[in-house]
Amino acid sequence: MTRRMPALALLRTFEVAARHLSFKQAAAELHVTPAAVSQQIRSLEAELGVVLFERLTRAVRLSPRGEALLPKVREGLALLADAVELACTPAAAEVLSVIAPPSWASHWLLPRLPDFYARHPEVEVRLASSSEAVDHTGAAQVLAALARAPGDGRGELAVVFGSGRYAGWRVDALLTPEYLPVCAPTLARAGAPLAVPADVARHVLIHDDTLNHAGDGSWGWHRWLQAAGLDRRAAAGGRHFSNAVLAIEAALAGQGVALAARPIVAGHLACGALVAPFPLAIPSPYTYCLVGRRHAAERPAMAAFRQWLVEASRRET
């Protein structure tokens, strides 16, 4: 038959009184009267059916039964205190490392990360940008880096701007951006007119060289001019930058007209830092994809980030 456990308060009073060997000092620590301590000790002795203290004229001392009980009571109270502290201590954040193209990381993800943290404060995202996360510049190297990363529960993910065909990986399509001309409002107002698409030929064109997917100059401004029914030779010259971040910064500085992905410049368009003089936009042949290990896809942090990112991308679309 299992003995009913005494009340925790009685055991704590016993431990304090045994530590001080004084009901008066125990009462001071417990913020009760000495009579209350004496009554609780008597209640505990009655419940256990043993004498725990020997009452002397001006002091008390532990009985043999009390001396046998004290170490285990102290151990139990200490274990309970540790359990309460553990329960009240915030869990350490799970680290999730994410690699992404520079423009997407800085202009799309960073402004939205506070929303993710508000929903998932238990996850710490460590974001790194790499131009190798653009398919034609070497996304295979990014995937190789993920494959080498330790599978210790941290979880590694990459946002890759590419074909989305990566055998052996968990791939979630995010969004396929449209590209449209953008420029600083001062350029649109004070420079040569930008009333019709043909007017771009009268401006400096800003080239993001990562848009040259095939390496033959067939995409980027060449493709937009072709879609507008204009001579592709108008794309010759201009100012070239190695990535979209630099190209967008040049447009913000009023250095010319850039061809930029709508989701990447949406914030600048919304606040008026950039304007889009023409509605004509061309779809990218590439898609932003979230890529990660299949066997780690359902880890809580990775699953939470993936679900949030897919939903945010759908809202963008």
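Residues numbered from 1 in each chain as written. Predicted model: local features only at pLDDT ≥ 70, side-chain atom pairs only at ≥ 80, totals over all residues. Heavy atoms only, no water.

Visitor: Quick one: what's the story with the pairing of strand β7 (residues 178-182), residue by residue and with numbers?
Guide: Across the five residues that make up β7, a large majority, four, are buried. Here two bridges tie β7 to strand β11 (residues 282-283), and the two strands are oriented antiparallel to one another. Following the sheet pairing, E178 is matched in β11 by P283. Sheet topology note: the β7/strand β10 (residues 257-261) ladder contains four bridges and is antiparallel. Paired with P181 across the two strands is L259, which belongs to β10. (Buried < 20%, exposed > 50% of the residue type's maximum accessible area, 1.4 Å probe, protein only. Helix = DSSP H or I, 4+ residues; strand = E, 2+ residues; numbered from the N terminus. Pairing = 2+ DSSP bridges.)

Visitor: With reference to specific residues and values, describe unusual backbone geometry.
Guide: Of note in this structure, L21 is not a glycine but carries a positive phi near 50°. With respect to the helices and strands, the residue L21 is situated in the loop between α1 (8-20) and α2 (23-30). A relative accessible area of 39% places L21 in the partly exposed class. Even without being a glycine, H31 presents a positive backbone phi close to 60°. Tracing the sequence through the fold places H31 in the loop between α2 and α3 (34-48). Its relative accessible area of 72% is what places H31 among the exposed residues.

Visitor: Got a sec to walk through the environment of E94? Specific residues and values, please.
Guide: On the secondary structure map, E94 appears in strand β3 (residues 94-100). Note: C-alpha distance between E94 and V125 (31 residues apart in sequence) is 8.5 Å.

Visitor: Requested: an account of the layout of surface pockets, with residues and values cited.
Guide: Looking at the largest pocket, its volume works out to about 180 Å³. Along the walls of the largest pocket sit 16 residues, with H207, D209, W219, H222 and H240 positioned nearest its centre. Listed by contribution, the elements that provide at least two residues to the lining of the largest pocket are β8 (205-208) and α8 (221-227). In terms of residue count, β8 provides more of the lining of the largest pocket than any other element does, three residues in total. Along the lines of polarity and charge, the residues of the lining of the largest pocket split into seven nonpolar, seven polar and two charged. (1 Å grid on protein atoms, 1.4 Å probe; cavity = no way out; pocket = protein on both sides within 12 Å on 5 of 7 lines; lining within 4 Å. Points joined across faces, edges and corners; volume = space filled by probe spheres on them. Nonpolar A, V, L, I, M, F, W, Y, C, P; charged D, E, K, R; others polar.)

Visitor: Tell me about the pairing of β8, and please be specific about residues and values.
Guide: Of the two faces of β8, both are covered, the one formed by L205 and H207 as well as the one formed by I206 and D208. In this sheet, β10 lies alongside β8 in parallel orientation, the contact comprising two bridges. Residue pairing for β10: I206 is matched across the bridge by A258. Pairing analysis gives three bridges linking β8 to strand β9 (residues 239-241), with the strands arranged parallel. Within β9, the position partnered with H207 by the bridge is H240.

Visitor: Quick rundown of the environment of H20? Include the residues and the values.
Guide: By the element assignment, H20 lies in helix α1. Of the residues examined, H20 reaches a relative accessible area of 27% and is grouped as partly exposed. For H20 and V60, which are 40 residues apart along the polypeptide, the C-alpha to C-alpha distance reads 9.5 Å. In contact with H20, not counting residues within four places along its chain, are Q25, A26 and E29. (Contact = heavy atoms within 4.5 Å.)

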